[in-house]
Amino acid sequence: MVSALIAAVAIVTNGVSTSFVLANQFPSLNEQKAAMELRYWLNQATRGGYPVFNVPRLEDTAGKTEIVPTTLEHGRRLVPAEAVRRLEASASKEAFVICTRESAYRGPGVYIVGKTDIGALYGTYAFLEDYVGIRFFHAGPCGTYVPKRRDLVFEKPVFDFREPKVDVRRINVWYGSVKPLDKEKDVDVWLTRRALHFRATWSRHEEIPLDRLQHVAGSGMPWQGGGETMLRDGVPMSLFETHPEYFPLVKGERSREAAEKQMRRCLSNPEVKKLAVKYALRCCAYSPSFIVDYRDMDGGWCECANCVAYGTGKDGRYSVQNAAHRFSKEVTDAILKVMPEAELQLLIYRNYREPVTNDVRYDPRVRGHFCPHQRCYAHALDDPDCALNGPFRRKYDFWRTRCPGIGFFDYYCYSDSRYCPVEWV
């Protein structure tokens, strides 16, 4: 309870009576990240007054004040029973508590305990902002304010429990939209520090180095399979020699270039669909979120007679949209038949947002993202005085009839209007 907390915790930065100690010897990636961030920013604020340990320690902290970022699993004996109760009762994995406490065997301490490791990380950033005074205003090296101080004093007992009011807090960022900043090194790091989510989509886990796994762990969102690499990974190039019929026929030959560069496959081949569905189900068994998508490039589509027929609509004409959406429809139906709980997403953009002339209608459980790239962002999409937005609105209205779970996925960086009041629009 609050009454059990110490009256004050003074962390003096003379390098002797200050200590930073992790609560467990085998922290998760996010707990390690929390420790690294605490050490770095406290040193920035105090001009190096806090000692930096390269490995977690479980040492005698007598005469020292410890700051411990940890999880409920490892830290339940460090905090008051009320903190444990509230964390266990919270429905959010991102809940955390910041509290001061003194125990006979550990001495005074400041404990940042998350319900899970992502809660511990978000709690660490909240501690740095609200108790140390650091401000993460925007991405990039110039976006952070660090006050200079000699000590950190808690005049009153602290019991600060928090849980997010909004489950998903996401600013989706495309790599080209943040230049000259780097998306992963600058923007995603800033998003994490502000407890905002970002999408992390990688399908080849065995190729991801540890620092990239750390990047994914800090995203706050579940790993997502699929995306524009869906066909590349579901029907890998290793099959090209033994099953060339899986790959696109271009100008009379099975094209390795179109298969590799544009990631095309022969969509009318039933084995290609089976392999794509099998790949999706393998991804969904790990994490239910899967994106059905194709490489955002022109050309490279299979020209075999079966694919031409596959993409021909009621008007007797072939279109990329007919073929791609027919394949997407069949794949999503097959996935949902086996795994109804799968969270399927569909991107309707650029080459794939033109209306189809066949009978494709998506299951209402499929979330369609209509992407009106190049629209005018200075006017509402339905503004009658904006001729540029008219075609986009008509396409959106069409897809609402074919994909009930549709929503907008705006790329305002394409508007070429740096002054555009995006928040107002």
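Refer to the preceding data block for the structure.
These notes cover the structure that comes with them.

What counts, and where the lines are drawn
- Residues numbered from 1 in each chain as written.
- Predicted model: local features only at pLDDT ≥ 70, side-chain atom pairs only at ≥ 80, totals over all residues.
- Heavy atoms only, no water.
- Buried < 20%, exposed > 50% of the residue type's maximum accessible area, 1.4 Å probe, protein only.
- Helix = DSSP H or I, 4+ residues; strand = E, 2+ residues; numbered from the N terminus.
- Polar contact = N/O pair within 3.5 Å; in protein donor to acceptor, adjacent residues only side chain to side chain.
- Contact = heavy atoms within 4.5 Å.
- Expected span 1.5 Å × (residues − 1).
- Pairing = 2+ DSSP bridges.
- Axes fitted to C-alpha atoms, helices over the stretch in contact; angles between N-to-C directions.
- Parallel < 35°, antiparallel > 145°, perpendicular 65-115°, else oblique.
- Left-handed = near helix turned anticlockwise from the far one by under 90°.

1. Describing helix 5 (residues 183–193)
Okay, so step 1: Judged by how many residues are buried, helix 5 sits mostly within the fold: eight of eleven residues are covered.
Okay, so step 2: Every buried residue of helix 5 is listed here: Lys183, Asp186, Val187, Asp188, Trp190, Leu191, Thr192 and Arg193.
Okay, so step 3: The opening residue of helix 5 is Asp182, an N-cap whose side-chain oxygen sits 3.0 Å from the backbone nitrogen of Glu184.
Okay, so step 4: One or two positions beyond helix 5, positive phi appears at Ala195, with a value near 60°.

2. Quick notes on unusual backbone geometry
Okay, so step 1: Along the chain, Lys179 connects to Pro180 via a cis peptide bond; the corresponding omega equals 10°.
Okay, so step 2: One can find Pro180 in the loop between strand 8 (159–162) and helix 5.
Okay, so step 3: Unusually for a residue other than glycine, Ala195 sits at a positive phi of about 60°.
Okay, so step 4: As for its position among the elements, Ala195 is in the loop between helix 5 and helix 6 (210–217).

3. Observations regarding the side chain of Thr124
Okay, so step 1: If you trace the backbone, Thr124 turns up in helix 4 (residues 117–132).
Okay, so step 2: Taking relative accessible area as the criterion, Thr124 reaches 0% and is therefore assigned buried.
Okay, so step 3: There is a polar contact of 2.8 Å between the side chain of Thr124 and the backbone oxygen of Ala120.
Okay, so step 4: Ignoring any residue separated from it by four or fewer positions in sequence, one finds Thr124 in contact with Ala34, Leu38, Pro69 and Ile112.

4. Re helix 4
Okay, so step 1: Under the 1.5 Å per step criterion, the end-to-end length of helix 4 is 21 Å for 16 residues, consistent within 8% with the ideal 22 Å.
Okay, so step 2: Of all 16 residues making up helix 4, 13 are buried, and the element is well covered by its neighbours.
Okay, so step 3: Taken from the residues just after helix 4, Gly133 is the one with a positive phi, measuring 95°.

5. What to know about the sheet that holds strand 9 (residues 225–227)
Okay, so step 1: Strand order in this open sheet of five strands is 9-12-13-14-15, and the pairing throughout is parallel. The sheet is open, and its two edges are formed by strand 9 and strand 15 (406–408), each paired on a single side. Here the average twist between neighbouring strands, direction ignored, is 25°.
Okay, so step 2: Of the strands in this sheet, strand 9 and strand 12 (289–292) touch helix 9 (residues 270–286), which is tilted by about 150° from strand 12.
Okay, so step 3: Against the sheet, helix 11 (residues 320–338) touches strand 12 and strand 13 (343–349), its axis set at about 170° to strand 13.

6. What to know about the packing of helix 9 against helix 11
Okay, so step 1: Relative orientation of the contacting elements helix 9 and helix 11 amounts to 50°, with a least axis distance of 10 Å. Classified by the interaxial angle, the pair formed by helix 9 and helix 11 is oblique. The crossing of helix 9 and helix 11 is right-handed. Here Val272, Lys273, Ala276, Val277, Ala280 and Leu281 of helix 9 lie close against helix 11, whose contacting residues are Phe327, Glu330, Val331, Ala334, Ile335 and Val338.

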